[in-house]
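Fold and geometry: a report
Spelled out, the chains give:
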Amino acid sequence: MDGMTQYQTITDSSTVLRDGTIKLHGPEGFAGMRAAGKLAAEILDALAPHVVPGVTTAALDDIVREMSIAGGGVPATLGYRGYTHSCCISINHVVCHGIPGDKTLKDGDIVNIDVTPLVDGWHGDSSRMYLVGDVPLKARRLVEVTYECLMLGIAAVRPGARLGDIGAAIQRHAEANRYGVVREFCGHGVGRLFHDAPEVVHAARAGTGPELRPGMFMTIEPMINLGKAPVKLLEDGWTAVTRDRSLSAQFEHSIGITETGCEIFTQSATGMHKPPYV
């Protein structure tokens, strides 16, 4: 689940602060995030054969809840700020935070499922796109480019780089393909807190923002629109949609910065974290 759009750093991974500092985590944090991220990836892998025409989003939400508990965790979204479901499921022009319910998937839909199992106090936040049945080429291409945007953003992460380098890489690739980059929602620090500093915006100027340092944890989760960038929030207070009703896609990984680059905590052991046609 992404965050809505002055940083310092601290080095105590057990400290929980809400003052905008960027925490630096040690080996305990990396171990905790590996476990949480592994479960997130396994849940998203297991959903693949169930994301088919005719299934309800509520049924998919049930699978997420059951797998989270069976895996030794709980869904972090369940009860978060009054949210009553175990994941977010966003279809077609829904950008993020789609609420599971009685809606059934249809042939040609593109669907983002966002899960965050909480395992021993650590949040494994990840989302992935799924193609339902026979998806039109333009929608498949949007999904492909969105995944490329995520990986280009991750490739920009290394000690000494700046936070803005991530958004610059994403924005450059998306706009080169004539897509809009959502500004209203962003990635975020993650760990023992679901949403922490820093805000990881997906459209930015290279060389700006805080310096990236080993031990920082964050999500990168670009939301890319087939049309224009602006979005609006529906009356339910959660669901965000494209203003022009164009399709939107998103991929998300939780990562930790290492001495030489970064570690992706939510990568699938089976390779299912990326579209099969990339």
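Remember, predicted model here, so these are calculated numbers, not experimental data. (Residues numbered from 1 in each chain as written. Predicted model: local features only at pLDDT ≥ 70, side-chain atom pairs only at ≥ 80, totals over all residues. Heavy atoms only, no water.)

All right, on to the overall build of the protein chain then. Regarding its fold elements, the protein chain presents 4 helices and 20 strands. For 278 residues, the compact-globule estimate of 2.2 N^0.38 gives 19 Å, and the protein chain sits close to it at 17 Å. Expressed as lengths along the three principal axes of its C-alpha atoms, the size of the protein chain is roughly 50 × 45 × 35 Å. Across the 278 residues that make up the protein chain, the buried fraction comes to 56%. (Helix = DSSP H or I, 4+ residues; strand = E, 2+ residues; numbered from the N terminus. Rg over C-alpha atoms; globule rule 2.2 N^0.38 Å. Buried < 20%, exposed > 50% of the residue type's maximum accessible area, 1.4 Å probe, protein only.)

Moving on: helix H4 (residues 163-176). Between its first and last C-alpha, H4 extends 21 Å over 14 residues, near the 20 Å set by a 1.5 Å rise per residue. With respect to burial, H4 is a largely interior element, 10 of its 14 residues being buried. Looking only at H4, the buried set comprises Leu-163, Gly-164, Asp-165, Ile-166, Gly-167, Ala-168, Ala-169, Ile-170, Gln-171 and Ala-174. Those residues of H4 that are buried are in contact with helix H3 (137-155), strand S11 (180-181), strand S13 (196-200), strand S14 (217-220) and strand S15 (223-225). Just beyond H4, the residue with positive phi is Arg-178, at close to 65 degrees. (Expected span 1.5 Å × (residues − 1). Contact = heavy atoms within 4.5 Å.)

Mapped onto the elements, His-123 comes out in strand S9 (residues 122-123). A distance of 2.8 Å separates a polar atom in the side chain of His-123 from the backbone oxygen of Gly-191. For His-123, the side chain forms a polar contact with the main-chain oxygen of Arg-192, separated by 3.5 Å. Setting aside anything within four residues of it in sequence, one finds His-123 in contact with Met-33, Ala-36, Ala-76, Thr-116, Pro-117, Leu-118, Val-190, Gly-191, Arg-192, Leu-193 and Phe-194. (Polar contact = N/O pair within 3.5 Å; in protein donor to acceptor, adjacent residues only side chain to side chain.)

The omega torsion of the bond from Ala-197 to Pro-198 falls at 5 degrees, within 30 degrees of zero and hence cis. Structurally, the position occupied by Pro-198 is in strand S13. The phi angle at Arg-81 is positive, at roughly 50 degrees, despite the residue not being glycine. Mapped onto the secondary structure, Arg-81 falls in the loop between strand S4 (74-75) and strand S5 (88-91). Looking at Arg-81, the relative accessible area reads 67%, which means it is exposed.

Our next topic: the environment of Glu-235. Topologically, Glu-235 is positioned in the loop between strand S16 (231-233) and strand S17 (240-242). Taking the relative accessible area as the measure of exposure, Glu-235 reaches 86% and is therefore exposed. Note: C-alpha distance between Glu-235 and Val-135 (100 residues apart in sequence) is 29 Å.

What follows concerns the packing of aromatic side chains. Counting across every chain of the model gives 7 aromatic pairs. Relative to Phe-217, the ring of Trp-122 lies with its centre 6.4 Å away and its plane at 70 degrees, an arrangement referred to as edge-to-face. Taken together, the residues span a long stretch of sequence, with Trp-122 in strand S9 and Phe-217 in strand S14 at a distance of 95 residues. Ring geometry for Phe-217 versus Phe-265: centroids 5.3 Å apart, planes at 80 degrees, classification edge-to-face. Placement of the pair is Phe-217 in strand S14 and Phe-265 in the segment after strand S20 (262-264), with a sequence separation of 48 residues. Given the relative accessible area of 2%, Phe-217 is considered buried. (Phe/Tyr/Trp six-rings, centres within 6.5 Å; stacked < 30°, edge-to-face > 60°.)

The subject of this paragraph is the packing of helix H1 (residues 27-47) against helix H2 (residues 57-70). Orientation of H1 relative to H2, taken along the N-to-C sense of each, is 145 degrees, at an axis distance of 10 Å. In this structure, H1 meets H2 at a crossing whose hand is right-handed. Along its contact with H1, which presents Leu-39, Glu-42, Ile-43, Ala-46 and Leu-47, the element H2 presents Leu-60, Ile-63, Val-64, Met-67 and Ser-68. The residue inventory of the contact of H1 with H2, partitioned by class, reads 8 nonpolar, 1 polar and 1 charged. (Axes fitted to C-alpha atoms, helices over the stretch in contact; angles between N-to-C directions. Left-handed = near helix turned anticlockwise from the far one by under 90°. Nonpolar A, V, L, I, M, F, W, Y, C, P; charged D, E, K, R; others polar.)

So, on to the sheet that holds strand S18 (residues 248-250). What the 3 strands build is an open sheet, ordered S11-S15-S18; its pairing is antiparallel. In this open sheet, the two edge strands, each paired with only one partner strand, are S11 and S18. Here S11 runs beside S15; their pairing, made up of 2 bridges, is antiparallel. Across the sheet, Gly-180 pairs through a bridge with Asn-225, a residue of S15. The sheet contacts of H3 involve S15 and S18, and relative to S18 the element is tilted by about 40 degrees. (Pairing = 2+ DSSP bridges.)

What follows concerns the sheet that holds S4. Pairing is antiparallel in the open sheet, where 3 strands are placed in the order S4-S8-S9. Each edge of the sheet is formed by a strand with only one pairing partner; in this case those strands are S4 and S9. Of the pairings in the sheet, the one linking S4 to strand S8 (residues 117-119) comprises 2 bridges and is antiparallel in character. Bridged to Val-74 within S8 is Leu-118.

The values are spatial; any link to function lies outside them.
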